[in-house]
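# Per-entry structural report
This is what each chain is made of:
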Amino acid sequence: MEQFELMTLPYSPEALEPVISKETIAFHHGKHLAGYVNNLNGLLEGSPLAGLPLEEIVLKAEGGMLNNAGQILNHNLYFGQFSGKQGKTTPIGTLAEVIVRDFGSFEAFKEEFQKKGATLFGSGWVWLSADKDGKLVITQETNAANPIQKGLKPLLTFDVWEHAYYLDYQNRRPDHLAALWQIVDWEVIEERFTVKD
Ligand code: MN
């Protein structure tokens, strides 16, 4: 039995254009993420971790199982945070206030987040998370790592693996990161921030 399924995108494949093309979605979601799902399902067969929720697998697995489970968790959060509707593209609610409290302004937050994404060497992810006290932090995570491994609650992430942007932006990672703000759905990020564990 397949424990995990490829997530369904909450928008059509062309909905994020021109920031993310439907070709990139086809490869990134339809090939890369689908590959991680297939790999993890195979690795879980006969494993003592089979049947556990994805987050638990990320916290307990090692090696290839950790890498594939981490990438599924990361991509589910990534693809689930965008909207093509040009809806709430700036922070709302309590989260808007906390961003100003912890970074000075939304502009200052975006600048630091983009800088940490642009300067992450190799493959990985830049994250906005909340710590146990509700303070916001920006972290760089390499390869398939997720902030839950540090006890943080992940809120927002930009994927800086080349497969996330190379078809559309080639080597221009900073341009890709700067464009992503246009499609972030802050209602989703606010929900992640306010939901109780
Ligand atoms: Mn990716």
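Thresholds applied
Counting restarts for each chain: residues are numbered from 1 in the order of the written sequence. A pLDDT threshold of at least 70 governs which residues receive local features in this predicted model, and a stricter bar of 80 or more applies before side-chain atom pairs are shown or counted, although totals over entire chains, interfaces and linings include all residues. Hydrogens and water are ignored here; the side-chain numbers use all heavy atoms of the structure. Only DSSP runs of H or I with at least four residues qualify as helices, and only runs of E with at least two residues qualify as strands; both kinds are numbered from the N terminus onward. Radius of gyration means the value over C-alpha atoms here, while the globule rule gives 2.2 Å times the residue count to the 0.38 power. With a 1.4 Å probe rolled over the protein chains alone, any residue whose accessible area is under 20% of its type maximum counts as buried; one over 50% counts as exposed, and the rest are partly exposed. Two residues form a contact once any of their heavy atoms are found within 4.5 Å. Each accessible area is a Shrake-Rupley estimate made with a 1.4 Å probe; only the visible protein chains count as cover when residues are assessed. Two residue types count as positive, namely Lys and Arg, and two as negative, namely Asp and Glu; His and chain ends fall outside the count. Taken as the charge centre is NZ of Lys, CZ of Arg, CG of Asp or CD of Glu, depending on the residue. Pairing of aromatic rings covers Phe, Tyr and Trp, the last through its six-membered ring, and needs centres within 6.5 Å; plane angles under 30 degrees mean stacked, over 60 mean edge-to-face, and all others mean tilted. Expected helix span is taken as 1.5 Å per residue step, with the number of steps being one fewer than the number of residues. Each domain's limits were defined by an automated method or a database of domain assignments. Summed over both partners, buried area is the accessible surface (1.4 Å probe) that two parts give up on being assembled. In the sections that follow, a salt bridge refers to a side-chain nitrogen of Lys or Arg positioned within 4 Å of a carboxyl oxygen of Asp or Glu. Counting of polar contacts relies on pairs of N or O atoms within 3.5 Å, with two restrictions inside protein: one atom must be capable of donating a hydrogen and the other of accepting it, and residues adjacent in sequence are counted only when both atoms are side-chain atoms. Here the term charged refers only to Asp, Glu, Lys and Arg, the term nonpolar to Ala, Val, Leu, Ile, Met, Phe, Trp, Tyr, Cys and Pro, and the term polar to all other amino acids, Gly among them.

In terms of helices and strands, the protein chain carries eight helices and three strands. Reading the protein chain from its N terminus to its C terminus gives the helix and strand order α-α-α-α-α-β-β-β-α-α-α. For 197 residues, the compact-globule estimate of 2.2 N^0.38 gives 16 Å, and the protein chain sits close to it at 16 Å. Viewed in the frame of its principal axes, the protein chain has a C-alpha envelope of about 50 × 40 × 30 Å. Counting the 197 residues in the protein chain, one finds 48% classified as buried. For the protein chain, long-range pairs separated by at least 24 residues make up 69% of all intrachain contacts whose partners lie at least 6 apart in sequence. Surface summary for the protein chain: the accessible area is close to 9700 Å², and the carbon and sulfur share equals 53%. Each charge sign in the protein chain was given a centre, from 17 positive and 26 negative side chains, and these centres are 4 Å apart.

Turning our eyes to something else, we now look at the packing of aromatic side chains. Inspection of every chain in the model, using the stated rule, returns 15 aromatic pairs. Summarising the aromatic geometry, the rings of Phe106 and Trp181 are spaced 6.3 Å apart at their centres and angled 80° between planes, so their arrangement reads as edge-to-face. Residue Phe106 is found in helix H5 (residues 106–118), and its partner Trp181 is found in the loop between helix H7 (173–180) and helix H8 (186–194); the two are separated by 75 residues along the sequence. Under the relative-accessibility criterion, Trp181 is labelled buried at 7%. Counting every residue linked through ring pairs, the aromatic cluster contains Phe103, Phe106, Phe109, Phe113, Phe158, Trp181 and Trp186.

Next up on the list: helix H3 (residues 63–79). Between its first and last C-alpha atoms H3 spans 24 Å; for 17 residues at 1.5 Å apiece the expected length is 24 Å, and the two agree. Counting buried positions over the 17 residues of H3 gives twelve, a clear majority of the element. Among the residues of H3, Met65, Asn68, Ala69, Gly70, Gln71, Ile72, Leu73, Asn74, His75, Leu77, Tyr78 and Phe79 are the ones counted as buried. Summarising the contacts, the buried residues of H3 are in contact with helix H1 (22–44), helix H2 (54–60), strand S1 (124–130), strand S3 (153–159), H7 and H8.

Quick look at the domain arrangement of the protein chain now. How big an interface is tends to be stated in terms of accessible area lost as the parts join. Domains assigned within the protein chain are domain 1 (22–79) and domain 2 (93–194). Spacing between the C-alpha centres of domain 1 and domain 2 amounts to 20 Å. Listed as interface residues are 19 residues of domain 1 and, on the opposing side, 20 residues of domain 2. Each partner contributes to the roughly 1500 Å² buried at the junction of domain 1 and domain 2, and carbon and sulfur atoms together form 62% of this total. Counting the contacts that link domain 1 with domain 2 gives zero salt bridges. Our count for the contact surface shared by domain 1 and domain 2 stands at ten residue pairs in polar contact (both at pLDDT 80 or more). Among the secondary structure elements, those contributing two or more residues to the side of domain 1 that touches domain 2 are H1, H2 and H3. With ten residues, the single largest contributor to the side of domain 1 that touches domain 2 is H3. Of the residues contributing to the side of domain 1 that touches domain 2, the split by class is eight nonpolar, nine polar and two charged.

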